[in-house]
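Tertiary structure, described
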Amino acid sequence: MPFFDHAGHRLHYEESGFGTPVVLVHGLGSSARDWEFQVPELEKRHRVIALDVRGHGQSDKPRERYSIAAFAEDVMALLDHLHLGRVHLVGISMGGMIGFELATRWPERLDSLTIVNSAPEVKPRTLREYMEVARRLFLAHVLGLDTVGKALGKLLFPKPEQAELRHKIQQRWPQNDKRAYLSSLHAIIGWGVQERLARITCPTLVISADRDYTPISLKQAYVGRMPNARLVVIEDSRHATPLDQPERFNSTLLDFLEQVDHS
């Protein structure tokens, strides 16, 4: 299993395939395993690299304050470690935030950006939004990760035929280091690059589930602020679209990457 050192931390990544490089960035409390249904298809045409950012998966879990900026620096360090110039970057949820951060700071390193069920900021403004943030923090601090995993599995995969996916989430979530998980959650809240979206000029695909946590209108609004972005909505899907709708997701992503590579 490949590892590399960055900022005093040992970080894990997985690599397979040949072709133009595609870097996959997971969400909060997850790891490179987010992409288990994507890698076998992507590696047929691309060099695929999936990273565990600090605090996640098999990477080190340093006792420090985490930030989206630091996570983006982890990704950049991986690109430099592998001597990669420009890449296609794909990020889901928190990984999408990392993608936004990286794209606004190092736009010259991206051939394309794909954002999955994410947003360019998490800044509560209304009383309802503040209450929701407070609720999530309270539950994360008070409940054990096994309880969070069970609740999350039911929320993301409520159908009877999704029992295997529910089980995966319920099994994997307690494997997180709780302190690292909470630090990552705190890193998300208050973060944002909304005012810098115009810097992202590479071809950008925004994929939204029709039943994601945040409404499609939110994605439409920020896509409209990006000069070279488009939105695709995947139906009958929740927040974990690459897992609950892998075929539709894979075909959408592969078509986009092919268009960029041949443009």
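Residues numbered from 1 in each chain as written. Predicted model: local features only at pLDDT ≥ 70, side-chain atom pairs only at ≥ 80, totals over all residues. Heavy atoms only, no water.

Within the protein one finds ten helices and eight strands. Computed over its C-alpha atoms, the radius of gyration of the protein comes to 17 Å, within 12% of the 18 Å expected for a compact globule of 263 residues. Taking the principal axes of its C-alpha atoms as reference, the protein extends roughly 50 × 40 × 40 Å. For the protein, buried positions account for 54% of its 263 residues. Put simply, of all contacts in the protein between residues at least 6 apart along the chain, 76% involve residues at least 24 apart. When the accessible surface of the protein is summed, it comes to about 12000 Å², and 52% of that surface belongs to carbon and sulfur atoms. (Helix = DSSP H or I, 4+ residues; strand = E, 2+ residues; numbered from the N terminus. Rg over C-alpha atoms; globule rule 2.2 N^0.38 Å. Buried < 20%, exposed > 50% of the residue type's maximum accessible area, 1.4 Å probe, protein only. Contact = heavy atoms within 4.5 Å. Areas by Shrake-Rupley, 256 points an atom, 1.4 Å probe, with all protein chains shown as cover.)

The next subject is a nonpolar patch on the surface. A grouping of Phe138, Leu139, Val142 and Leu143 is seen on the molecular surface, where their side chains present a nonpolar patch of about 340 Å² in accessible area. Along the chain, Phe138 falls in helix H4 (residues 127-142). Owing to a relative accessible area of 53%, Phe138 belongs among the exposed residues under this scheme. (Patch = residues over 30% accessible without salt bridge, like charges linked within 9 Å, V, L, I, M, F, W, Y side chains within 5 Å. Salt bridge = Lys/Arg side-chain N within 4 Å of Asp/Glu carboxyl O.)

A word on the sheet that holds strand S3 (residues 20-25). If you trace the eight strands from one edge of the open sheet to the other, you get S1-S2-S4-S3-S5-S6-S7-S8, paired in mixed fashion. Looking at the sheet topology across the chains shown, the edges are occupied by strand S1 (3-6) and strand S8 (229-234). Between one strand axis and the next, the sheet turns through 25° on average, direction left out of account. Both S3 and strand S4 (residues 46-52) contribute to a ladder of six bridges, which runs parallel. Looking at S4, one finds that Pro21 is bridged to Arg47. Each of S1, strand S2 (9-16), S3, S4 and strand S5 (87-92) is contacted by helix H2 (residues 68-81), which is oriented at about 120° to S1, the strand it contacts most. (Pairing = 2+ DSSP bridges. Axes fitted to C-alpha atoms, helices over the stretch in contact; angles between N-to-C directions.)

We now examine the nonpolar core. Counting 61 residues, the largest nonpolar core has Ile98, Phe100 and Tyr222 as the members making the most contacts within it. Counting residues per element, this core draws most heavily on H2, at eight residues. Listed in part, the 20 residues of the second largest apolar core include Ile207, Ile234, Leu253 and Phe256. (Core = buried A, V, L, I, M, F, W, Y, C linked by side-chain atoms within 4.5 Å.)

Okay, the UniProt feature "domain: AB hydrolase-1" (unreviewed entry) in the protein next. Annotation from UniProt places "domain: AB hydrolase-1" (unreviewed entry) at residues 21-125. Secondary structure over residues 21-125 splits into 29% helix and 24% strand, and the C-alpha atoms at its two ends are 38 Å apart. (UniProt positions renumbered as here; feature names shortened; annotations may be inferred.)

Turning our eyes to something else, we now look at the packing of helix H5 (residues 145-156) against helix H6 (residues 163-172). For the pair H5 and H6, interaxial distance at closest approach is 8 Å and the crossing angle is 155°. Of the possible angle classes, the one that applies to H5 and H6 is roughly antiparallel. In this structure, H5 meets H6 at a crossing whose hand is right-handed. Of H6, the residues touching H5 (which contributes Gly149, Lys150, Leu152, Gly153 and Lys154) are Arg166, Ile169 and Gln170. When the residues that make up the contact of H5 with H6 are grouped by side-chain class, the tally is two nonpolar, three polar and three charged. (Parallel < 35°, antiparallel > 145°, perpendicular 65-115°, else oblique. Left-handed = near helix turned anticlockwise from the far one by under 90°. Nonpolar A, V, L, I, M, F, W, Y, C, P; charged D, E, K, R; others polar.)

What follows covers the pattern of salt bridges. On inspection of all chains with the given rule, the structure shows 15 salt bridges. A salt bridge links Asp111 to Arg86; the nearest nitrogen and oxygen atoms lie 2.8 Å apart. In this pair, Asp111 sits in strand S6 (residues 110-116) while Arg86 sits in the loop between H2 and S5, placing the two residues 25 residues apart along the sequence. Among the residues examined, Arg86 registers a relative accessible area of 43% and is labelled partly exposed. The shortest N-O distance in the salt bridge between Arg196 and Glu195 comes to 3.9 Å.

In this structure, His12 sits in strand S2. Note on His12: relative accessible area 0%, which makes it buried. Among the polar contacts made by the side chain of His12, one reaches the side chain of Asp52 at a distance of 2.9 Å. Leaving out residues up to four positions away in the same chain, His12 has contacts with Met1, Pro2, Phe3, Ala50, Leu51, Asp52, Gln58 and Ser59. (Polar contact = N/O pair within 3.5 Å; in protein donor to acceptor, adjacent residues only side chain to side chain.)

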